[in-house]
Each structure stands twice: as structure tokens, then as C-alpha cells.
Amino acid sequence: MAIFDNGQLPRHVLFDLDGTLADTAPDLVAALNHILRSLDRTQVDLGVARCWVADGSVGLIQNGLKITKEEALNSPHRQSLLEEYSRNLCTQTQLFPGISEVLAGLEKRNVPWGIVTNKPQRFTKPLLAALGLDARAGSVVSGDTLSRSKPDPAPLQLACEEMGVLPSGGVMIGDDLRDIDAGRANGMRTIAAAWGYRPTNEVRGWGADQMALDPKELLLAMGLD
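A short tour of the structure in this document, coming up.

Scoring rules and cut-offs
- Every residue gets a number counted from 1 within its own chain, in the order that chain's sequence is written.
- It should be noted that, the model being predicted, local features are given only for residues of pLDDT at least 70 and side-chain atom pairs only at 80 or more, the latter also being counted only at that level, while totals for whole chains, interfaces and linings use all residues.
- Side-chain numbers here rest on the full set of heavy atoms in the structure, without hydrogens or water.
- Classification of ring pairs rests on two measures: the distance between centres of Phe, Tyr or Trp rings, Trp counted by its six-membered ring, which must be within 6.5 Å, and the angle between planes, read as stacked under 30 degrees, edge-to-face over 60 and tilted in between.
- Every helix listed is a DSSP run of H or I at least four residues long, and every strand listed is a run of E at least two residues long, numbered separately from the N terminus.
- Exposure classes here rest on a 1.4 Å probe applied to the protein chains alone. A residue is buried below 20% of its type maximum, exposed above 50%, and partly exposed in between.
- Throughout, the arc means that of the directions going from the helix axis to the C-beta atoms.
- Working rule for contacts: check all heavy atoms of both residues, and any pair within 4.5 Å makes them a contact.

Right, let's talk about the packing of aromatic side chains for a bit. Under the defined criterion, the tally for this structure stands at 2 aromatic pairs. Pairing F15 with W113 gives two aromatic rings, centres 6.1 Å apart and planes at 80 degrees, and the pair type is edge-to-face. Here W113 lies in strand 4 (residues 113-116) and F15 lies in strand 1 (residues 12-15), a separation of 98 residues in the sequence. The residues F15 and W113 share a single accessibility class, namely buried. Here the aromatic rings of Y85 and F123 are separated by 5.5 Å at their centres, their planes lie at 55 degrees, and the arrangement is tilted. Note that Y85 is positioned in helix 5 (residues 76-87) and F123 in helix 7 (residues 121-131), a separation of 38 residues in sequence.

And the structure:
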């Protein structure tokens, strides 16, 4: 079901990055396993640790080392994980199947799109360059571009300003409640990406205008099929 009536296309589309556009979990979990090996700890399986990626480096260290969130936040091992990740940003990371078709569909119809992520710029920029998206996105707002990050509405507002559009009439797509809340706060339609790193049952409770189980469902949702 399309989120706009009468075959109307979105005026613009904003995407989250990790867990929405790109499957970054393999490289992030590999960085965690590097730390675990250095500590002579048992490595974790990607299938188990994928969901930890939703909470970033803090979640990975917290769960991998079985410590509290506060301990993980201040752990030197978290910094070591980030340093290891920075050296292997796009070894296994790929766009989710179907995302390339979605982006091509938007570009074919001259619908501007951008990326708003809570990932720090020092990781975002080289990752997007490796994926070939840096020159295609109309705007890229990272987690430290402003003093506030999602779910605050300000990063989405900045992205819209850079693309020369108003937030209303646009769509925010993401795999975290922060994405949905930020989109809603800007008067945008929202699509929850259930192919990301949060459990599907959790995603259903976010109150997004629509939930997509697969990136290919975005084509129908946005009238691009």
C-alpha cells in the first residue's frame, strides 16, 4: 500500500544508514571479535551479534564483554573497537538487496534523497565513498554534524535545507525508533525498515505510517513500482 494517495510521489526521501541502506553488521561484529581475541575471550557469531549493532559501539562492547552500558560507554575497549572498525569500514559491508533499485527509482523520477545517520562523520564519509553513494546523496548529515542527533528533528531539518526542500511531503526511512520519531517531528511520512537490526515485533510498535519487511517493498510504498 502506498503511503501517498492518488499515485503521488514523495517530494524527497531521507534514509538512515546502518541497518537501512547498508548492512554494516559484518564489519562491526568483526571489529568486536578482534577485541575479544585480544582479550582471549570467546568470539561471537554474527547471527547472535547482529542485533547488538543497533546500539552501536556501546551495545557491542556491553554485550560482547557482558558489562553495563555505563561501563561500556567509558571502556577503553570501545575506543579500540572503533579504531579497528575505522581500518576495515567496508570489507564486508554491502547495500541491502533491493536498495540499489530503490535509489535508482528515485533518481529516475528526480526525487531527491539524502542520508541522516547517527554514525560519526569520520566513519560515514569513507563508508559512503566506498559504497559509491557519496556523490549521489543530496545531503549527508552525520551524528556529529550538529550538536544534536536523532531522534532530535534538527538533523532532518538540515538535510532538507541542503536539498532545498521542505520536510512536509517527504519520507523518512529507518530501522530504529529514533528515525521514526525524528521523521514524525518534522511532519514527514515514515517507513520502518524491518530488515534492519531491531526485532520485527518491536518495529511494529513504533507507530510508523508503514512497515517494510524488505527494501523492495519501498518501491510500492512510495509509488515507484
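This part covers helix 6 (residues 99-108). Side chains of residues three or four places apart in an α-helix project in the same direction, reflecting 3.6 residues per turn. Buried residues of helix 6: I99, V102, L103, G105 and L106, and no others. The buried residues of helix 6 occupy one face: seen down the axis, they fall within an arc of 160 degrees. Where helix 6 is buried, its residues contact strand 1, strand 3 (94-95), strand 4 and helix 11 (217-221). Remark: N110 follows helix 6 within two positions and exhibits a positive phi of approximately 60 degrees.

Everything listed here is a matter of geometry and, on its own, says nothing about what the molecule does.
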